[in-house]
Amino acid sequence: MAVNEFSRSVDMGIRLSKRIYYGKDSPSPSRSAPKPPSMEKSLSTSSSASSVRMPQNHHPTSPMAYAVITEPLVVENPDIRSYQPYIYGRCYPPALIPLHMVGVTMEVDCYLDTAFVTVSGVWRLHCVSSTTLCDCRIAIPMGEQGSLLGVEVDTTTRSYFTQLIIPEDEKNDVQRENKKDGFLMKGNTYTFQISQVEGGSNIHVKARFSQKLLYQDHNFCLSVPFTFPPHVFPVFKKDYSCTEKILLNVNSGTCTSITCNNASHPLKELKRQAGQLVFLYEAGVIKWSSQDFYFSYSVCSNEIFGGLLLQPPSLHDYDQRDMFCFYLFPGNNQNIKPFRKEVVFVIDISGSMRDDPLEKTKDEIIGSLWKLNEGDSFNIIASNENIKSFSSSLNLVTEGMITTAIEWMNTNLIANGGTNLMLPLKQAIDMVGRTGDSIPFIFLITDGSVEDEREICNMVKGHIVDGELKSPRICTFGIGSYINQYFLQMLANIGRGHYDSAYDVDSISIRMRQLIDNATSPLFSNVTLDALQNLESYEIFPFCIPDLLSGSPLIVSGRFKGSFPDTVKARGLLADLNTHVIDVKVSKANDMPLEMVCARREVGMLTAQAWLDQNTELEEKVSKMSLQRGVPCEYTRMILVQHDNLKQAIESDPPEEKYTKLKNEKITYLMNLNFGFGNLIATVENLPPRNEELKLSEPPGKVAQAASSCWIMFVDRFCCRCMIQACSQMNNQCSIVMTQLCAALACFQCLECCCEMCYPCFEMCLCLFM
């Protein structure tokens, strides 16, 4: 489902909600739903068809619940009967009416660079008559690199909860009534549907997800979507306030003091001790939060410093080795000399990159060239079936050289042909690392998958010299949903680089800029830990420790057998190429779920390794880790289980026994929680980057489609907008006839097609029937 379709469905739902009557003594209905622009204004101020048809953007900016309306006649106040005239016909796609929210609580736990968010909200199905059952759609927006961990939903008659299962379990479910649902919008909002909720009843939703803390200007920054639209506040007859609550726990993992720098909401400090803080915000409000929850803090230090955290495994952990997590923070020393850099950009210019993807890529590369320092060097390689190079060797950074490179890109970077990554990468690797007094960087930017990805990884392994500065740091950036993110992640791990992606075109610029800016600002290179060599055995993620960057902390984790001393030494190179040693204190990870903090990082890296080696035993290991830690992976599936009064069973039964109770339950397989291993067919066909999403509903039946087709033939010859303008000149008798005609057409879903073709027609129809 496209984001535009979702926005249009919400826009239609808000307009339908104007039918709801709240009584003479209640506040104006405009508090429940924003007043749409008048038809006169919308018809006269738009000069193009596209500007007329496009609705307001209603992408969720907070947890939301919607009534799924296919039959407009069910829209009614469940408390006060208004006896409104019916709107005949069906809504396709279904209209989505935002439900009134009665209360919301959010708990956030921050550990190192990861935040775990639990949002609990109560919504009332205020827009459907009390004798009617209605499906509802839940939307959960998440912050930076958000990952859904679980959901629980309670209604008056049913309860739902999510659970991870392995594919073998899915094969045994063929005799049960199962369905598929759920999709990810714009890469950060997950939405799914629950069925048959009674009008006037409450829906209790509890969602858990993880996300990353950004590191900006030497601060750890948390941003959680928490901006509620005004029309979700309930309408009461008298002044009434609802309660919103935020509980924030911060555990930096250090023994040093931390400083709070900024907060979006008035937080009250409840607890403070070395490296830890607890805050609370709770208030009665007459409107919900109108801004995202933002919080930033800094760990007080001017120099690079770090720590090593230890934690024993839990009793039920399949891996009984001890856990460790090593971190380095860059500090806020502004006088550290930067490394000299060699930068080569390898750009995929296949046909699928045309228009916005390639233009945004060029803009960001141009911006990064101007940020290079004197003494740095660069080159640009573009590739489809052929290879185009800006020059045969690296070029020193000068204003004239950058201007020439920009002109070359505008002339030669034209999207056409297929995708080829092996040859340009070989050429880039052969071009860098010859001097030994600068760090080589190779940035690979692509929107597709190729057949020889494993061969590319093995080729790069053969060119990497561990422990030497001249080994290229390979950074990868993927665009769209057709990439194999595990290939790009493995390539970055092999090259001690970094990986990021943009799953929608709108986020290409900001994410690519963050990747390039961070990757090209190393502070501490070729990092090693002496104590690892003295352990009996160890496993580390990633297997090559990347450089410490000025724009992000360095965090690696793993398992080990043996023992660490009280202090370990981290060695590396500074920009003057001299070895620098940092004493790192070893401590126990108190009040921190270390296995959960490192779970997503380890699951992703092990999945990439399993893909590269085609190792089924490693796949099984990732599956066990996914089930134990509750983190989705490529080898497990998340299901939504539906049952009456299931909540008591969830609380009383241990996790390992839950699935045995599912055989008599209805389950839904939730989609789009994982990335997949790329789409070779879409890449070969040069399909443009997009995020694959499900539809809000199934298409209408054959009769409705036939009626719609007949109406489309009529619309092709007689514009709806022209018809509306003509109707405005009719007398009263003709207007009545046209109203009756529209009602008749709606019975055959012709009117629905008209609304799809011409958006002001929908406005006119609402005015006629309401």
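Residues numbered from 1 in each chain as written. Predicted model: local features only at pLDDT ≥ 70, side-chain atom pairs only at ≥ 80, totals over all residues. Heavy atoms only, no water.

For the protein, the name recorded in an unreviewed UniProt entry is VWFA domain-containing protein, with Lactuca virosa as its organism.

Right, let's get into the sheet that holds strand β9 (residues 183-185). Read from one edge of the open sheet, 5 strands run β2-β1-β5-β10-β9, paired in antiparallel fashion. Looking at the sheet topology across the chains shown, the edges are occupied by β2 (95-98) and β9. Strand after strand, the sheet turns through a mean of 35° between neighbouring axes, direction not considered. Taken together, the 4 bridges between strand β1 (residues 64-69) and strand β5 (residues 133-141) define a ladder with antiparallel strand orientation. Opposite Ala67, over in β5, you have Cys136 as the bridge partner. (Pairing = 2+ DSSP bridges. Helix = DSSP H or I, 4+ residues; strand = E, 2+ residues; numbered from the N terminus. Axes fitted to C-alpha atoms, helices over the stretch in contact; angles between N-to-C directions.)

Let us now look at helix α13 (residues 616-629). Given 3.6 residues per helical turn, the α-helix brings residues three or four places apart onto the same face. A rise of 1.5 Å per residue sets the reference length of α13, with its 14 residues, at 20 Å; its end C-alpha atoms lie 20 Å apart and thus fit the reference within 8%. Every buried residue belonging to α13 is among Leu618, Lys621, Val622, Ser623, Met625, Ser626 and Arg629, and all of these are buried. Buried residues in α13 make contact with β7 (159-165), β29 (537-541), β31 (554-561), α11 (594-597) and α12 (599-613). At the N-terminal boundary of α13, the capping side chain belongs to Asn615, with an oxygen 2.9 Å from the backbone nitrogen of Glu617. Phi turns positive, to about 75°, at Gly630, one or two residues after α13. (Expected span 1.5 Å × (residues − 1). Buried < 20%, exposed > 50% of the residue type's maximum accessible area, 1.4 Å probe, protein only. Contact = heavy atoms within 4.5 Å. Polar contact = N/O pair within 3.5 Å; in protein donor to acceptor, adjacent residues only side chain to side chain.)

Turning to the pattern of salt bridges, a few remarks are in order. Charged atoms that come close allow side chains of opposite charge to pair. Summed over the entire model, instances satisfying the criterion amount to 23 salt bridges. With a shortest N-O distance of 3.0 Å, Asp437 and Arg340 are connected by a salt bridge. Taken as a pair, Asp437 in the loop between α7 (422-431) and β25 (439-446) and Arg340 in the loop between β20 (322-329) and β21 (341-348) lie far apart in primary sequence, 97 residues in all. Taking the shortest distance from any N to any O, the salt bridge between Lys371 and Asp517 comes out at 3.0 Å. Highlighted residues: Lys371 in helix α5 (residues 356-371) and Asp517 in helix α10 (residues 508-519), separated in sequence by 146 residues. Residue classification places Lys371 among the partly exposed residues on the basis of a relative accessible area of 46%. Residue Asp517 is classed as partly exposed on the basis of its relative accessible area of 29%. If you follow the salt bridges from partner to partner, you end up with Asp319, Arg321, Glu539 and Lys621 in one network. (Salt bridge = Lys/Arg side-chain N within 4 Å of Asp/Glu carboxyl O.)

Before going further, it helps to spend a moment on empty space enclosed by the protein. In this approach the atoms are scanned with a rolling probe the size of a water molecule, which exposes any empty space left behind. The final tally for this structure, using the stated rule, is 11 cavities of 30 Å³ or more. Space inside the second largest cavity adds up to approximately 100 Å³. Classifying every residue of the lining of the second largest cavity by side-chain character gives 6 nonpolar, 4 polar and 3 charged. (1 Å grid on protein atoms, 1.4 Å probe; cavity = no way out; pocket = protein on both sides within 12 Å on 5 of 7 lines; lining within 4 Å. Points joined across faces, edges and corners; volume = space filled by probe spheres on them. Nonpolar A, V, L, I, M, F, W, Y, C, P; charged D, E, K, R; others polar.)

Before going further, it helps to spend a moment on the side chain of Glu144. Topologically, Glu144 is positioned in the loop between β5 and β6 (147-154). When near neighbours in sequence (up to four residues on either side) are disregarded, Glu144 contacts Gln211, Lys212, Leu214, Arg511 and Gln514.

Before going further, it helps to examine unusual backbone geometry. Backbone phi values are negative for most residues with the exception of glycine, while trans is the configuration of most peptide bonds. Note the cis peptide between Tyr92 and Pro93, where omega equals -5°. As for its placement among the helices and strands, Pro93 is situated in the loop between β1 and β2. At the junction of Phe541 and Pro542, the peptide bond is cis and its omega measures out at -5° in the coordinates. Tracing the backbone shows Pro542 in the loop between β29 and β30 (548-549). The phi dihedral of Asp355 falls on the positive side, at around 70°, and the residue is not glycine.

As a further point, take the sheet that holds strand β32 (residues 567-573). Strand order in the open sheet formed by 8 strands is β29-β31-β20-β19-β33-β32-β28-β30, with mixed pairing between adjacent strands. Edge positions in the sheet fall to β29 and β30, since each has one partner strand and no second. By the bridge criterion, 7 bridges tie strand β19 (residues 305-311) to β20 in an arrangement that is antiparallel. Note that in β20 the partner of Leu309 across the bridge is Cys325.

Moving on to the pairing of β25. Summarising burial for β25: 8 of the 8 residues are buried, a large majority. Alternating positions in β25 separate into two faces, Ile439, Phe441, Phe443 and Ile445 on one and Pro440, Ile442, Leu444 and Thr446 on the other, with burial throughout. Alignment of β21 against β25, held across 7 bridges, turns out to be parallel. When the bridges of β25 are listed, Val343 appears paired with Phe441. As paired elements, β25 and strand β26 (residues 473-479) share 6 bridges and run parallel to each other.

So, on to the packing of aromatic side chains. Following the criterion strictly, the structure yields 23 aromatic pairs and no others. Considering the side-chain rings of Phe441 and Phe443, the 6.4 Å spacing of their centres and the 20° angle between planes classify their relative orientation as stacked. The structure contains a cluster of three or more aromatic residues connected by ring pairs, namely Tyr215, Phe220, Phe279, Phe295, Tyr297, Phe305, Tyr327 and Phe329. (Phe/Tyr/Trp six-rings, centres within 6.5 Å; stacked < 30°, edge-to-face > 60°.)

This part takes up the confidence of the model for the protein. Scored by pLDDT, the protein comes out at a mean of 83, with 79% of its residues at no less than 70. The secondary-structure element of the protein with the lowest mean pLDDT is helix α2 (residues 39-45), recorded at 30, while β21 shows the highest, at 97. Predicted confidence is poor over residues 646-652, with pLDDT under 50, and the contacts of this stretch with residues over four places away or in other chains come to 7 contacts. Confidence drops under pLDDT 50 across residues 654-660; counting only partners more than four residues distant or on other chains, this segment forms 9 contacts. (pLDDT = per-residue confidence, 0-100.)

What follows concerns the side chain of His265. Here His265 shows up in the loop between β15 (258-263) and β16 (268-273). Judged by relative accessible area, which is 8%, His265 ranks as buried. Side-chain polar atoms of His265 contact the side chain of Ser264, separated by 2.7 Å. Residues in contact with His265, not counting those within four places in the same chain, are Phe226, Ile246, Tyr281, Ser289, Gln291, Asp292 and Phe293.

Attention now moves to the environment of Glu71. Along the chain, the position of Glu71 falls in the loop between β1 and β2. Given a relative accessible area of 26%, Glu71 falls into the partly exposed group. Sequence separation of Glu71 and Cys91 is 20 residues, and the distance between their C-alpha atoms is 6.4 Å. Those residues in contact with Glu71 that sit more than four places away from it in its chain are Gly89 and Arg90. In this structure the side chain of Glu71 is engaged in a polar contact, spanning 2.7 Å, whose partner is the side chain of Arg90.

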